[in-house]
Amino acid sequence: QQPVQSPQAVILREGEDAVINCSSSKALYSVHWYRQKHGEAPVFLMILLKGGEQKGHEKISASFNEKKQQSSLYLTASQLSYSGTYFCGTELYGNNRLAFGKGNQVVVIP
Amino acid sequence: EPEVTQTPSHQVTQMGQEVILRCVPISNHLYFYWYRQILGQKVEFLVSFYNNEISEKSEIFDDQFSVERPDGSNFTLKIRSTKLEDSAMYFCASSAGADGYTFGSGTRLTVV
């Protein structure tokens, strides 16, 4: 059930944009996105429940495709504070657990 | 902002000893979870808890593990006989339902 996240790592300069992806082999009930900074707990960013849904959090937004098997996270005009590891967590219908991918490490440099 | 509180922040134990990790979830949340993260790796699901019982558990959550909600506020994870490979950061999380999880700051467990 573990989702696949890509790319594994992204390095970008402040102000640049990036897209990171999360995909599943099965249709999902929901997708969550979390950001974890080194030595800290994961912090919830957003949840997507409906196919075709798009959501935003500051200049970070996400989409959930119509088939509900893929989600993308868009980092727009990145800030230094965006650095961290981004995890997607996926939930299947009828389950009460999130399965997390291996994470996308994002490094924003000045 | 409401927080999930975990204690202790660090625990060092000898192999074979029992440990209890404690969590106080957010008070109006109904769903509780334990996850663990081995250094630098992904966050792994252990168990979910709802309505005073386990709703799901992973293959990691074998007979050595148990969870309890002893007093309506605390949520504990017990490892009966620790192994070296149990060394990890253990995160408790809670949620209200169709919502994101709030994670605690974790307990770093080191088994020596």
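Treat the numbers as computed from the prediction; the structure is a model and nothing was measured.

A. The arrangement of the overall build of chain A in detail. When you go through chain A residue by residue, the secondary structure sums to zero helices and 11 strands. Element order for chain A, N to C, with α for helix and β for strand: β-β-β-β-β-β-β-β-β-β-β. Relative to a compact globule of 110 residues, whose C-alpha radius of gyration would be 13 Å, chain A shows 13 Å and is just as compact. Counting only C-alpha atoms and orienting by the principal axes, one finds that chain A spans roughly 45 × 30 × 20 Å.

B. Up close: the overall build of chain B. Assigned secondary structure in chain B consists of zero helices and 11 strands. Ordering the α and β elements of chain B from the N terminus gives β-β-β-β-β-β-β-β-β-β-β. Along the three orthogonal principal directions, the C-alpha set of chain B runs to about 35 × 25 × 25 Å. Looking at chain B as a whole, 45% of its 112 residues qualify as buried. Sequence-distant contacts in chain B: of pairs separated by 6 or more residues, those separated by 24 or more amount to 52%. Taken as a whole, chain B presents about 5,600 Å² of accessible surface, with 44% of it coming from carbon and sulfur. Treating the 9 positive side-chain charges of chain B as one cloud and the 14 negative ones as another, the clouds have centres 5 Å apart.

C. How the structure looks around the state of the cysteines. All names here are of chain A. Enumeration according to the criterion identifies two disulfides over all chains in this entry. Through a disulfide, Cys22 is tied to Cys88; the S-S separation comes to 2.0 Å. Measuring the twist about the S-S bond at about 70°, one finds the Cys22-Cys88 disulfide to be right-handed. Of the two residues, Cys22 is situated in strand S3 (residues 18-23) and Cys88 in strand S9 (residues 84-91); the sequence distance between them amounts to 66 residues.

D. Up close: the sheet that holds strand S7 (residues 60-64) of chain A. All names here are of chain A. Spatially, the five strands line up as an open sheet ordered S1-S3-S8-S7-S6, and their pairing is antiparallel. Strands with a single pairing partner mark the edges of an open sheet, and in this sheet they are strand S1 (4-6) and strand S6 (54-57). Ignoring which end each strand starts from, the neighbouring axes of this sheet average 15° apart.

E. A look at unusual backbone geometry. Backbone torsion omega between A:Ser6 and A:Pro7 reads -10°, so that peptide bond is classified as cis. Between B:Thr7 and the following residue, B:Pro8, the backbone shows a cis peptide bond with an omega angle of -10°. You can see B:Pro8 is positioned in the loop between strand S1 (5-7) and strand S2 (10-13). Of note in this structure, A:Lys68 is not a glycine but carries a positive phi near 60°. Considering the arrangement of structural elements, one finds A:Lys68 in the loop between S7 and strand S8 (70-75). Assessed through its relative accessible area of 13%, A:Lys68 is described here as buried. Residues other than glycine seldom take positive phi values, yet A:Ala77 does so here, at roughly 50°.

F. Quick peek at the pattern of salt bridges. Across all of its chains, the model carries four salt bridges over all chains by this definition. Across the salt bridge formed by A:Arg97 and B:Glu56, the nearest N and O atoms sit 2.9 Å from each other. With A:Arg97 in the loop between S9 and strand S10 (99-100) and B:Glu56 in strand S6 (residues 53-57), the pair connects residues from two separate chains. For the pair formed by A:Arg97 and B:Glu56, the shared burial category is buried. Between B:Glu44 and B:Arg36 there is a salt bridge, with its nearest N and O atoms 3.2 Å apart. Connected through salt bridges with shared partners, the residues B:Arg36, B:Glu44 and B:Asp86 form a single ionic network.

G. Broad picture of the sheet that holds S1(B). Residue and element names in this part refer to chain B. Pairing within the open sheet is antiparallel, and its four strands lie in the order S1-S3-S8-S7. Each having just a single partner strand, S1 and strand S7 (65-68) make up the two edges of the open sheet. Here the average twist between neighbouring strands, direction ignored, is 15°. Here S1 pairs with strand S3 (residues 19-24) via three bridges, running antiparallel. Along S3, the bridge assignment pairs Thr7 with Arg22.

About the cut-offs
- Residues numbered from 1 in each chain as written.
- Chains lettered and ligands numbered in written order.
- Predicted model: local features only at pLDDT ≥ 70, side-chain atom pairs only at ≥ 80, totals over all residues.
- Heavy atoms only, no water.
- Helix = DSSP H or I, 4+ residues; strand = E, 2+ residues; numbered from the N terminus.
- Rg over C-alpha atoms; globule rule 2.2 N^0.38 Å.
- Buried < 20%, exposed > 50% of the residue type's maximum accessible area, 1.4 Å probe, protein only.
- Contact = heavy atoms within 4.5 Å.
- Areas by Shrake-Rupley, 256 points an atom, 1.4 Å probe, with all protein chains shown as cover.
- Lys, Arg positive; Asp, Glu negative; His and termini not counted.
- Charge placed at Lys NZ, Arg CZ, Asp CG, Glu CD.
- Disulfide = S-S within 2.5 Å.
- Pairing = 2+ DSSP bridges.
- Axes fitted to C-alpha atoms, helices over the stretch in contact; angles between N-to-C directions.
- Salt bridge = Lys/Arg side-chain N within 4 Å of Asp/Glu carboxyl O.

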